[in-house]
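Structure assessment
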Amino acid sequence: MKISRRAAAIQPSPTLAITAKAKAMVAQGIDVVSFGAGEPDFDTPEHVKDAAVAAIGAGFTKYTATPGIPELRRAIAAKHERENGLKYEESEIIATVGAKHALYNAFQALVDEGDEVIVVAPYWVSYPDMVKLAGGQPVIVETRVEDGFVPSPDAIRAALTDRTVAVVLNSPSNPTGAVWSREALAGIARVLEGHSCTIITDDIYEHLIYTGEKFINILNVAPQLRDRTLVVNGLSKSFSMTGWRIGWAAGPKPLIAAMQKIQDQSTSNLTSFVQKAAIAALTGGNACVERMRVKFDERRQYVQKRFAAMPGVECAPIGGAFYAFADVRALCPKHYKGQAVGSDTRLAEILLEDFLVAVVPGAPFGAPGFMRLSFATSMEQLEKGLDRIESFVQALS
Ligand SMILES: Cc1ncc(COP(=O)(O)O)c(C=O)c1O
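Residues numbered from 1 in each chain as written. Predicted model: local features only at pLDDT ≥ 70, side-chain atom pairs only at ≥ 80, totals over all residues. Heavy atoms only, no water.

1. Some words on the packing of helix H3 (residues 46–57) against helix H11 (residues 272–283)
For the pair H3 and H11, interaxial distance at closest approach is 8 Å and the crossing angle is 145°. Seen from above, H3 lies across H11 with right-handed handedness. Contact with H3, carried on its side by His-47, Val-48, Ala-51, Ala-52, Ala-55 and Ile-56, involves Phe-273, Lys-276, Ala-277, Ala-280 and Ala-281 of H11 and no other residues of that element. Split by residue class, the contact of H3 with H11 holds nine nonpolar, one polar and one charged. (Axes fitted to C-alpha atoms, helices over the stretch in contact; angles between N-to-C directions. Helix = DSSP H or I, 4+ residues; strand = E, 2+ residues; numbered from the N terminus. Left-handed = near helix turned anticlockwise from the far one by under 90°. Contact = heavy atoms within 4.5 Å. Nonpolar A, V, L, I, M, F, W, Y, C, P; charged D, E, K, R; others polar.)

In structure tokens:
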């Protein structure tokens, strides 16, 4: 069978693959601790579930308008005005099947064969492959742990060419947990003002910040970029709704209209009764989100404390999201069972196979020598898994 070049050129998601392998081991009765998935362990809030059940009961189970029902788009617009100080009309908003879908449609709408998209490394694994699926070329801007994984304006400037059609910003970041400061965003904005590319700001971890800072994105420091900035967000992480698949994009009308055409010809609307649940989440206040954030914060502090006590593991302060991105470069030359560990990929393999802990190696995030641990799991699991990682570190010679 002929498989397209596009499909052949991309990789399966490594985070989903590791999570699937860990789940398969658990299904065989093996006691694996999984730190792989970027998925809160909390249940979806009751009032949100109730709204979906009521919608199904009321027969709200048919197609809707592709970008979502007007009531949902109004709720998204109200959220942006209330929480982010950004005003959008209904026609500037499209609701999608998760934030991933919004990003996918955005790249399909923006990128032609050979166009370049700037992606900041370490990056969320899907950005480069989504760019490639649209025929584009991801251009990677490296950041350093010493700089808190925040890109310098000069590095962005150096990556911009006349083929650059978009740049992707993600703060708080997956996988690093970095929260970009106002100054950092202002510096990047100044560089981008001198170019015509579209800016995509992926704000999915907006509500998960532990530094006490208020969330801001590039439009809060450079509102003049509004006409070419697409804001992507969703409820997966903040309201623990990963399986519901609800996200959205807000931005310039021509881009939203292009994304809508693509969505018209692919998925159509996101699930009708999920839209009602999303309205309940967006209009019901954020007390439940804050309760989850406080729990994540306790876990974050615990993970940082445990890593700080492990020789050879360096974990920079985690500002947001729910990932620890630990530098394990010092462990790679060490020996395990008589052989050098060698790489983060091998390290993750040993951890899973011999110590029954699933972490994601740094390489697929564009950061070899690191490992990502999701702390969106219970304290008991964290204690057990970190004890096992510690045993691994002690077993190295
Ligand atoms: C940075 C980032 N953006 C987007 C997404 C996708 O979110 P959703 O589940 O809403 O598709 C994720 C999920 O892991 C993510 O980490």
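Resuming the write-up.
2. Structural notes on the site of the ligand
Around the ligand sit 13 residues, and of these Asn-174, Asp-202, Tyr-205, Lys-237 and Arg-245 come closest. One of the side-chain nitrogen or oxygen atoms of Asp-202 is found 2.6 Å away from a nitrogen atom of the ligand. Within the side chain of Ser-236, one N or O atom sits 2.8 Å away from an oxygen atom of the ligand. Taking 400 Å² as the accessible area of the ligand by itself, protein coverage stands at 92%. A class-by-class count of the residues in the shell around the ligand yields five nonpolar, four polar and four charged. (Near = heavy atom within 4 Å. Polar contact = N/O pair within 3.5 Å; in protein donor to acceptor, adjacent residues only side chain to side chain. Areas by Shrake-Rupley, 256 points an atom, 1.4 Å probe, with all protein chains shown as cover.)

3. Section: the domain arrangement of the chain
Entries for the chain in the domain assignment read domain 1 (5–43 + 288–392) and domain 2 (62–284). Distance from the C-alpha centre of domain 1 to the C-alpha centre of domain 2: 26 Å. Contacts between the two partners involve 36 residues from domain 1 and, on the opposite side, 30 residues from domain 2. Carbon and sulfur atoms supply 63% of the area that domain 1 and domain 2 bury against each other, a total of about 2700 Å² over both sides. Applying the counting rule to domain 1 against domain 2 returns zero salt bridges. Put simply, domain 1 and domain 2 have 13 residue pairs in polar contact (both at pLDDT 80 or more) between them. Mapped by element, the contributors of at least two residues to the side of domain 1 that touches domain 2 are helix H2 (14–27), helix H12 (287–308), strand S10 (323–327) and strand S15 (370–374). The element that contributes the greatest number of residues to the side of domain 1 that touches domain 2 is H12, accounting for seven residues. (Domains from an automatic or database assignment. Buried area = accessible area lost by both parts, 1.4 Å probe. Salt bridge = Lys/Arg side-chain N within 4 Å of Asp/Glu carboxyl O.)

4. Thoughts on the sheet that holds strand S2 (residues 93–96)
The mixed open sheet is built from seven strands, whose spatial order is S2-S8-S7-S6-S5-S3-S4. Whereas interior strands pair on both sides, the edge strands pair on one side only; in this sheet they are S2 and strand S4 (137–142). Taken pair by pair, the neighbouring strands of this sheet meet at an average axis angle of 20°, ignoring direction. Strand direction decides the pairing type here: strand S3 (residues 116–121) and S4, joined by six bridges, are parallel. Of the residues in S4, the one forming a bridge with Val-117 is Pro-138. (Pairing = 2+ DSSP bridges.)

5. Details of helix H10 (residues 253–264)
Helix length check: H10, at 12 residues, gives a terminal C-alpha distance of 16 Å against a target of 16 Å (1.5 Å per residue), a fit within 8%. Turning to H10, its buried residues are Leu-255, Ile-256, Met-259 and Gln-263. Looking down the long axis of H10, one finds its buried residues gathered within 95° of arc, a one-sided arrangement. Residues of H10 that are exposed and angled more than 90 degrees away from the buried face: Pro-254 and Lys-261. Contacts made by the buried residues of H10 are with S2, helix H5 (99–110), strand S6 (198–202), strand S7 (229–234) and strand S8 (247–250). (Expected span 1.5 Å × (residues − 1). Buried < 20%, exposed > 50% of the residue type's maximum accessible area, 1.4 Å probe, protein only. Arc of directions from axis to C-beta.)

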